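What follows is each chain in one-letter form.
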Amino acid sequence: MDSLLSLPVVISALELGFIYALVALALFLSYSILNIADLSTDGCFTLGCAVGAQVAIMGHPILALFAAMLAGVCSGFIMASLQTKLGVESILAGIIVNTGLYTVNLAVMGFSSNLSLFKCETVYSLCKELFGTTWYKLIVSILIVVIICVLLAWFLGTRIGLSIRATGDNSDMVRASSINPGFTITVGLCISGSLTALSGCLIGQYQKTCDINLGTGMVTIALASLIIGETLVGKNTVFRRIVGVIVGSCLYRFAIAIALRLHIPAECLKLVSAVIVAVAIASPYLKQQIAFQKKKLAASSGRKGGSGVC
């Protein structure tokens, strides 16, 4: 086990886990809170990476984070507008936006399939001398995610945040309370898009490269992280659910790291991801079935014991 999880492997898994946790948080807001299946996640992730890479190449790695988030807000706004203004179903709206973003991402990247950031500064290289440790990438990732988590937990406790949570539970009730559900959906999806794009920007600066296919399968990874976290940590409070998302994301990256250490071919990693997602999604149902079978066996043994006494 020590060979599977050496210190460099653990650090790398945690670094990626915290960065990808931002996508899982975005899906937490859109899928768990608003009850909207946002399939534009893949394209929005690449959009954040592409915009951030271009701004970083210009010499502004910190500004790149905010530029990527702004691009994510635009993606979320278009996604919300298709649903609230044009009456397009959320799944179809996500497919439409994701398809359109492919061309947009190519245009942002100068119609090149990849960009290199090896010759420019990144937020990680800027903080390397500041922290003076080999763990500087992990520290930067943790700081950014902690700030986002605190802000998100605070926001969901505000009036508009509570309105967004209520919209996902019962939009008719929200409408009856003189709150426009279209507005709350738009705000929620814009924030979700900004978090997804921020994660893409961080990954681009972390790997020092941007590829047009970087976001492929991102919605599946985020969904797995979300469900793993909710299953293990629970979802009694908003703060607990947010912490669960981060835990789920890190555990997912540990599972992928172990698969790589077991020398599973790179061509099979998609299958490994699919299995992890299937197990994560099925685990709540399996837990319910196991609990039901235990109660059933207990009730059956109780009846047998009662009949024996008679």
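Just above sits the structure.
Predicted model only: the values in this text are computed from it and were never measured.

Rules behind the numbers
Residues numbered from 1 in each chain as written. Predicted model: local features only at pLDDT ≥ 70, side-chain atom pairs only at ≥ 80, totals over all residues. Heavy atoms only, no water. Helix = DSSP H or I, 4+ residues; strand = E, 2+ residues; numbered from the N terminus. Expected span 1.5 Å × (residues − 1). Buried < 20%, exposed > 50% of the residue type's maximum accessible area, 1.4 Å probe, protein only. Phe/Tyr/Trp six-rings, centres within 6.5 Å; stacked < 30°, edge-to-face > 60°. Lys NZ or Arg CZ within 6 Å of the ring centre and 35° of its normal. Patch = residues over 30% accessible without salt bridge, like charges linked within 9 Å, V, L, I, M, F, W, Y side chains within 5 Å. Areas by Shrake-Rupley, 256 points an atom, 1.4 Å probe, with all protein chains shown as cover. Salt bridge = Lys/Arg side-chain N within 4 Å of Asp/Glu carboxyl O. Axes fitted to C-alpha atoms, helices over the stretch in contact; angles between N-to-C directions. Parallel < 35°, antiparallel > 145°, perpendicular 65-115°, else oblique. Left-handed = near helix turned anticlockwise from the far one by under 90°.

Trainee: Looking at this structure, how should I read helix H10 (residues 218-233)?
Mentor: The terminal C-alpha atoms of H10, which comprises 16 residues, lie 22 Å apart, in line with the 22 Å expected from a rise of 1.5 Å per residue. In terms of burial, H10 is largely enclosed, as 13 of its 16 residues are buried. One or two steps after H10, the chain reaches Gly 234, where phi turns positive at roughly 100°.

Trainee: Just to check I follow, could you spell out the packing of aromatic side chains for this structure?
Mentor: This model, assessed by the stated rule, comprises two aromatic pairs. Geometrically, the ring pair formed by Tyr 20 and Phe 45 is stacked, given 6.0 Å between the ring centres and 20° between the ring planes. Taken together, the residues Tyr 20 in helix H1 (residues 7-33) and Phe 45 in helix H2 (residues 41-57) connect sequence positions 25 residues apart. Pair check on accessibility: Tyr 20 and Phe 45 agree, each one buried. Taken together, a centroid distance of 5.9 Å and an interplanar angle of 75° make the contact between Tyr 124 and Tyr 206 edge-to-face. A residue pair is termed long-range when its members are at least 10 positions apart, and Tyr 124 in helix H5 (residues 123-131) and Tyr 206 in helix H9 (residues 181-207) qualify at 82 residues. Of the two residues examined, Tyr 124 and Tyr 206, each falls in the buried class. The ring of Tyr 206 carries the charged tip of Lys 137 above its face, separated from the ring centre by 4.8 Å.

Trainee: Looking at this structure, how should I read a nonpolar patch on the surface?
Mentor: On the surface, Leu 232, Phe 239, Val 243, Val 247 and Leu 251 cluster together into a nonpolar patch covering about 430 Å² of accessible area. Broken down by element, the residue count for the nonpolar patch peaks at four residues, all from helix H11 (residues 238-261). Relative to the elements of secondary structure, Leu 232 occurs in helix H10. When its relative accessible area of 57% is taken as the criterion, Leu 232 is described as exposed.

Trainee: How should the pattern of salt bridges be read in this particular structure?
Mentor: Proximity of charged atoms lets side chains of opposite charge pair with each other. Taken as a whole, this structure holds one salt bridge when the rule is applied. One salt bridge in this structure joins Glu 230 and Arg 241, with 3.7 Å as the shortest N-O distance. Placement of Glu 230 in helix H10 and of Arg 241 in helix H11 is noted, with a sequence separation of eleven residues between them. Take Glu 230: its relative accessible area is 18%, and that puts it in the buried class. Taking relative accessible area as the criterion, Arg 241 reaches 17% and is therefore assigned buried.

Trainee: Honestly, the packing of H1 against H11 in this entry has me stumped. Any pointers?
Mentor: A pair of packed helices is characterised by two quantities: the angle between their axes and the separation of those axes. One can describe the packing of H1 onto H11 by two numbers: an axis separation of 7 Å at closest approach and a directional angle of 135°. With respect to H11, the axis of H1 lies oblique. Between H1 and H11 lies a crossing whose hand is right-handed.

All quantities given are derived from atomic positions and should not be read as evidence of function.
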